[in-house]
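# Structural features, examined
Chain by chain, the residues:
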Amino acid sequence: MNDALFQLVSHYGVAVIFAATFLSCLAVPVPTSLLMLAGGAFVASGDLSAGPVMLAALAGAVLGDQAGFRIGRSGAGLVARLESRERGAALLAEARGFVARWGGVGVFLSRWLFSPLGPYVNFVGGAAGIGWRRFSAWGIMGETVWVAIYVGLGYLFAGHITEIADI
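The structure contained in this document is the topic of the report that follows.

Here we come to the overall build of the protein chain. Counting its regular elements, the protein chain contains 10 helices and zero strands. Taken from N to C terminus, the helices and strands of the protein chain fall in the order α-α-α-α-α-α-α-α-α-α. Relative to its length of 167 residues, the protein chain is compact, with a C-alpha radius of gyration of 16 Å against a globular reference of 15 Å. Each principal axis of the C-alpha atoms in the protein chain carries an extent, and together these give about 45 × 30 × 25 Å. Relative to its full complement of 167 residues, the protein chain shows a buried share of 44%. When contacts within the protein chain are restricted to residue pairs at least 6 apart in sequence, those whose partners lie at least 24 apart make up 75%. Summed over all atoms, the accessible surface of the protein chain reaches about 8300 Å², with 65% contributed by carbon and sulfur.

This is the structure:
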């Protein structure tokens, strides 16, 4: 599977990185971190440029966060469907507690340190009425850290990317 992911990045470049980061912020199970690592490795090898890779990953993540926030704010059926599933309900409950406890800092931390909660914090943030500017500011800062870490690690460890992917 890792080879297929690397081929996606080598053939479609920043478009696949953008799509992956966008979709991951909506709780779609995409190996986004691995794709960003691959993007960093392709930057190190000279096959891709750092600016477009970083911008595509950041833009996809920020737009995905915004879409998730809007879904939560509008009360769309997606949140209700997630709550009807055991795992979704547990993650939404955890995200609610996280946002209640940490507020904007929780949004920031859920982008990179507690990233499995990220998409659910997007939905909960919108539903809980967190201000859009506050959510966006904390989210953009957190996504910047996330993108820098994963693309940077891919760049630094480009020679060992397949071993890292296996881990």
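There is more to say after this.
On to the nonpolar core. Membership of the largest hydrophobic core comes to 23 residues, with the highest contact counts inside it found for Val 9, Ile 17, Met 36, Leu 48, Val 53 and Val 147. Listing elements by their share of this core, those giving two or more residues are α1 (2–12), α2 (14–24), α3 (32–44), α4 (50–74) and α9 (132–156). When residues of this core are assigned to their parent elements, the largest contribution, eight residues, is made by α3. Here Met 36 is in contact with Ile 17, Thr 21, Ala 57, Trp 146, Val 147, Tyr 150 and Val 151, once residues within four sequence places are set aside.

This part covers the packing of α2 against α4. Axis separation between α2 and α4 bottoms out at 7 Å; the angle between their running directions is 25°. Classified by the angle between their axes, α2 and α4 sit roughly parallel to one another. The handedness of the crossing between α2 and α4 comes out as right-handed. Of α4, the residues touching α2 (which contributes Val 14, Ile 17, Phe 18, Thr 21 and Phe 22) are Pro 52, Val 53, Ala 56, Ala 57, Ala 59, Gly 60, Ala 61, Leu 63, Gly 64 and Ala 67.

The next thing to look at is the packing of helix α7 (residues 104–112) against helix α8 (residues 118–127). Remark: α7 packs on α8, axes separated minimally by 8 Å, with the N-to-C direction vectors making an angle of 150°. In terms of orientation, α7 lies roughly antiparallel with respect to α8. Across the interface between the two elements, Val 107, Ser 110 and Arg 111 from α7 touch Gly 118, Val 121 and Asn 122 from α8. Within the contact of α7 with α8, the residues separate by chemical class into two nonpolar, three polar and one charged.

A word on the layout of surface pockets. When its volume is computed, the largest pocket comes out at roughly 430 Å³. If you trace the largest pocket, you find 20 residues lining it, with Ser 24, Val 30, Ser 115, Pro 116 and Pro 119 closest to the centre. Residue assignment for the lining of the largest pocket shows that the elements contributing at least two residues are α3, α7, α8 and α9. In terms of residue class, the lining of the largest pocket is built from 11 nonpolar, six polar and three charged.

Right, let's talk about the packing of aromatic side chains for a bit. In the structure shown here, the tally under the stated rule is six aromatic pairs. Note on Phe 98 and Phe 114: the rings are 5.3 Å apart at their centroids and 70° apart in plane angle, and the pair reads as edge-to-face. Here Phe 98 is found in helix α6 (residues 86–102), whereas its partner Phe 114 is found in the loop between α7 and α8, with 16 residues between them in sequence. Geometrically, the ring pair formed by Tyr 120 and Phe 123 is edge-to-face, given 6.3 Å between the ring centres and 80° between the ring planes. Of this pair, Tyr 120 and Phe 123 both sit in helix α8, three residues apart, which is roughly one turn of that helix. Look at Tyr 120 and you get buried, because its relative accessible area is 10%. The class for Phe 123 is buried, based on a relative accessible area of 0%.

Analysis parameters
- Think of each chain on its own: its residues are numbered from 1, step by step along the sequence as written.
- Local features are withheld for residues below a pLDDT of 70 in this predicted model, meaning they are given only at 70 or higher, and side-chain atom pairs are given and counted only at 80 or more; totals for whole chains, interfaces and linings count all residues.
- In computing side-chain properties, one takes all heavy atoms of the structure into account and sets aside hydrogens as well as water.
- Secondary structure is summarised from DSSP: a helix means a run of H or I of at least four residues, a strand means a run of E of at least two, and numbering begins at the N terminus for each.
- The globule rule used for comparison is 2.2 Å times the number of residues to the exponent 0.38, while the radius of gyration itself is calculated over C-alpha atoms.
- When accessible area is computed with a 1.4 Å probe and restricted to protein chains, residues below 20% of their type maximum are described as buried, those above 50% as exposed, and intermediate ones as partly exposed.
- The contact rule is simple, with two residues in contact once any of their heavy atoms fall within 4.5 Å.
- Using the Shrake-Rupley algorithm and a 1.4 Å probe, accessible areas are obtained, with residue cover drawn only from the displayed protein chains.
- To define a nonpolar core, start from buried Ala, Val, Leu, Ile, Met, Phe, Trp, Tyr and Cys residues and group those joined through side-chain atoms within 4.5 Å.
- Where helices are involved, their axes are fitted lines through C-alpha atoms of the stretch in contact, as for all axes, and angles between N-to-C directions lie from 0 to 180°.
- Comment on the angle field: the value is read as roughly parallel under 35 degrees, roughly antiparallel over 145, roughly perpendicular from 65 to 115, and oblique elsewhere.
- The handedness criterion is simple: a crossing whose near helix is rotated anticlockwise from the far helix by less than a right angle is left-handed, and one whose near helix is rotated clockwise is right-handed.
- Ten residue types, Ala, Val, Leu, Ile, Met, Phe, Trp, Tyr, Cys and Pro, are classed as nonpolar, four, Asp, Glu, Lys and Arg, as charged, and the remainder, Gly among them, as polar.
- Buriedness for pockets is judged along seven lines, at least five of which must meet protein on both sides within 12 Å for an open set on the 1 Å grid over protein atoms alone, while cavities are sets there where a 1.4 Å probe fits but cannot get out, and lining residues have an atom within 4 Å of a point.
- Grid points are joined across faces, edges and corners, and a volume is the space filled by probe spheres set on the points.
- Pairing of aromatic rings covers Phe, Tyr and the six-membered ring of Trp, with a centre-to-centre limit of 6.5 Å; geometry is then stacked below 30 degrees between planes, edge-to-face above 60, and tilted otherwise.

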